[in-house]
Amino acid sequence: DAARLAAYDGHERVWCGRDESRGLIAIVAIHNTVLGPALGGTRVWAHESFEAALTDALRLSRGMTYKSAIAGTPFGGGKAVILADPKTQKTPALLAAYGEMLAALEGQFFTGEDVGLTVADADFLSTCASNVLGTGRGSGNPSPVTAHGVFLGIKAALNHRRGSQQLEGVRVAVQGLGSVGWALCEKLHGEGAALIVADIDAERVEKAKRLFGATAVPAGEILAAGADVFAPCALGGVIAQQTISMLKAGIVAGSANNQLARHEDARLLMDAGILYAPDYVINAGGLINVAAELAPGGYDRGAVMAKVGEIPGTLGDIFTRAEAQRRPTNDIAAEIAMERIAAAARKSRT
Ligand code: NAD
């Protein structure tokens, strides 16, 4: 019942696609298109229920609206979730069925890779629909660009806290050694940070120990690791009422989307004296990279990196404003995003 679903959380539209014979259950959520057509990746994940997948799509698409507004890209917020195990259920037939769904959404929704969907999958989907970005022929894997933005964001947080961006000897706990987490570790290690890592994939952990001299901890213990910075780079919801008291780091700055279980948890972080870099601000590199494919002059890597280079300045402003107003950083970030959307809406009315 699309009408009922669209009533969720101020979203403009929500589509559900189902193709039983090819195993597809997909949700495409469009949160807000005031700044432009909706853009957001497609996540393939075996959520425990349809409701859980829907909640994920709704939260992620809303985050994309804010992310785009803060990063200054002319797009609205959208996101797709395919309810399937990416390792065992992401068959060519399922992707073909999803490609047909995407073709029906051309002009309204642009998408690309996300957790569980690879650049190769995007390549395949682009043979079915024109609204697929981040293909091998396009801007490619956005993760190194995202990691660069997170790296700069961690430095901005350190600078705000310590008056120095120096990473030498700074202990960073990285949760998740996937595309972004790994590229982030390379950069941090390159500047002398001491890495503490966790991943459910033991092979990646071993490699990080070998290549970066990282200290490994079990996945369940990374939050409590004795670190200066906690960088969540796996899935969302890791910062919650029950977990904040475990955190030893004074800074939370990582790539994961929806790091907070609830928006209000940012206040708990603030009260605990922990500086939080709002996820959709620090991880905007991937969006900036993919959105650049649709720039009037075409994709320009230099322009992308220049825009990613603005992330630390934006974060610095948010940190300063939050401190001056004694408000959580994500309240300030949301306020800036909503101000920009409201201004665009006013402009389009006049
Ligand atoms: P990925 O799938 O490549 O990596 C995720 C990693 O986390 C994997 O190595 C996985 O084994 C690990 N992991 C899963 N559960 C874990 C747990 N409980 N503890 C420790 N490790 C665990 O994904 P990615 O592309 O690196 O993205 C990471 C996060 O950053 C996601 O939340 C994603 O939405 C977000 N993000 C990514 C980009 C991008 O450009 N790829 C952009 C913005 C946001």
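Every value quoted in this text rests on a predicted model; they were computed, and no experiment measured them.

A. Representation of the overall build of the protein within the structure. A tally of helices and strands in the protein yields 14 helices and 12 strands. Relative to the 2.2 N^0.38 estimate, which gives 20 Å for 350 residues, the radius of gyration of the protein is 19 Å and therefore close to what a compact globule would have. Overall, the protein is about 50 × 50 × 40 Å in size when its C-alpha atoms are taken along their principal axes. Counting over 350 residues, the protein shows a buried share of 53%. In the protein, the share of contacts with a sequence separation of at least 24, taken over all contacts with a separation of at least 6, comes to 64%. Here the protein has roughly 14,600 Å² of accessible surface; of this, 52% comes from carbon and sulfur atoms. Between the centroid of the 33 positive side chains of the protein and the centroid of its 36 negative side chains there is a distance of 4 Å.

B. The arrangement of the pattern of salt bridges in detail. Tallied over the entire structure, the rule returns 17 salt bridges. Via salt bridges that share partners, Arg43, Asp56, Lys79 and Asp114 belong to a single interconnected network.

C. Quick look at the packing of helix H2 (residues 50-71) against helix H14 (residues 329-349). Contact geometry for H2 and H14: axes closest at 8 Å, N-to-C directions at 75°. Considering the angle they form, H2 stands roughly perpendicular to H14. In contact with Thr65, Tyr66, Ala69 and Ile70 of H2, H14 contributes Ala333, Ala334, Ile336, Ala337, Met338, Arg340 and Ile341. Among the residues forming the contact of H2 with H14, the class breakdown is 9 nonpolar, 1 polar and 1 charged.

D. Geometry of the packing of helix H5 (residues 143-162) against helix H13 (residues 311-325). At a minimum axis separation of 8 Å, H5 and H13 run at an interaxial angle of 35°. Crossing angle aside, the handedness with which H5 passes H13 is right-handed. Facing Gly149, Leu152, Gly153, Ala156, Ala157 and His160 of H5, the residues of H13 in contact are Ile311, Pro312, Leu315, Phe319, Thr320 and Glu323. Looking at the contact of H5 with H13 residue by residue, the class counts come to 7 nonpolar, 4 polar and 1 charged.

E. Quick peek at the side chain of His11. Its location among the elements puts His11 in the loop between helix H1 (2-6) and strand S1 (13-19). Of note is the side chain of His11, whose polar atom sits 2.9 Å from the backbone oxygen of Leu58. In terms of polar contacts, His11 uses its side chain to reach the side chain of Ser61, at 2.9 Å.

F. The site of the ligand, seen in detail. Around the ligand sit 25 residues, and of these Arg43, Thr146, Asp199, Arg204 and Ala234 come closest. A distance of 2.6 Å separates an oxygen atom of the ligand from a polar side-chain atom of Asp199. Contact distances for the ligand include 2.6 Å between an oxygen atom and a backbone N or O atom of Ala234. Within the complex, the protein chains bury 84% of what would otherwise be the 830 Å² of accessible surface of the ligand. Every element with two or more residues in the shell around the ligand is listed here: H5 and helix H6 (179-190). Here the shell around the ligand is built from residues that sort into 10 nonpolar, 9 polar and 6 charged. When residues of the shell around the ligand are sorted by domain, at least three fall in each of domain 1 (2-61 + 76-125) and domain 2 (143-285 + 310-338).

G. Just unusual backbone geometry, in detail. Even without being glycine, Asn258 reaches a positive phi, approximately 50°. Among the structural elements, Asn258 can be located in the loop between strand S11 (251-252) and helix H9 (265-271). Even without being a glycine, Arg326 presents a positive backbone phi close to 50°. The topology assignment puts Arg326 in the loop between H13 and H14. According to the relative accessible area criterion, Arg326 is exposed, its value standing at 70%.

H. Highlighting the pairing of strand S2 (residues 24-32). Of all 9 residues making up S2, 8 are buried, and the element is well covered by its neighbours. The turn linking S1 back onto S2 is made up of 4 residues, and Gly23 within it adopts a positive phi angle of 75°. In terms of strand pairing, S2 meets strand S5 (residues 76-83) through 6 bridges, oriented antiparallel. Paired with Asn32 across the strands is Gly77, a residue of S5.

I. Looking closely at the domain arrangement of the protein. With domains assigned, the protein is organised as domain 1 (2-61 + 76-125) and domain 2 (143-285 + 310-338). Taken together, both faces of the contact between domain 1 and domain 2 bury some 560 Å²; the carbon and sulfur share is 42%. The tally of links between domain 1 and domain 2 comes to 0 salt bridges. The interface formed by domain 1 and domain 2 contains 2 residue pairs in polar contact (both at pLDDT 80 or more). Elements with a minimum of two residues in the side of domain 1 that touches domain 2: strand S4 (42-45) and H2. Taken together, the residues of the side of domain 1 that touches domain 2 break down into 3 nonpolar, no polar and 5 charged.

Here is what the cut-offs are and how they apply
- Residues numbered from 1 in each chain as written.
- Predicted model: local features only at pLDDT ≥ 70, side-chain atom pairs only at ≥ 80, totals over all residues.
- Heavy atoms only, no water.
- Helix = DSSP H or I, 4+ residues; strand = E, 2+ residues; numbered from the N terminus.
- Rg over C-alpha atoms; globule rule 2.2 N^0.38 Å.
- Buried < 20%, exposed > 50% of the residue type's maximum accessible area, 1.4 Å probe, protein only.
- Contact = heavy atoms within 4.5 Å.
- Areas by Shrake-Rupley, 256 points an atom, 1.4 Å probe, with all protein chains shown as cover.
- Lys, Arg positive; Asp, Glu negative; His and termini not counted.
- Charge placed at Lys NZ, Arg CZ, Asp CG, Glu CD.
- Salt bridge = Lys/Arg side-chain N within 4 Å of Asp/Glu carboxyl O.
- Axes fitted to C-alpha atoms, helices over the stretch in contact; angles between N-to-C directions.
- Parallel < 35°, antiparallel > 145°, perpendicular 65-115°, else oblique.
- Nonpolar A, V, L, I, M, F, W, Y, C, P; charged D, E, K, R; others polar.
- Left-handed = near helix turned anticlockwise from the far one by under 90°.
- Polar contact = N/O pair within 3.5 Å; in protein donor to acceptor, adjacent residues only side chain to side chain.
- Near = heavy atom within 4 Å.
- Domains from an automatic or database assignment.
- Pairing = 2+ DSSP bridges.
- Buried area = accessible area lost by both parts, 1.4 Å probe.

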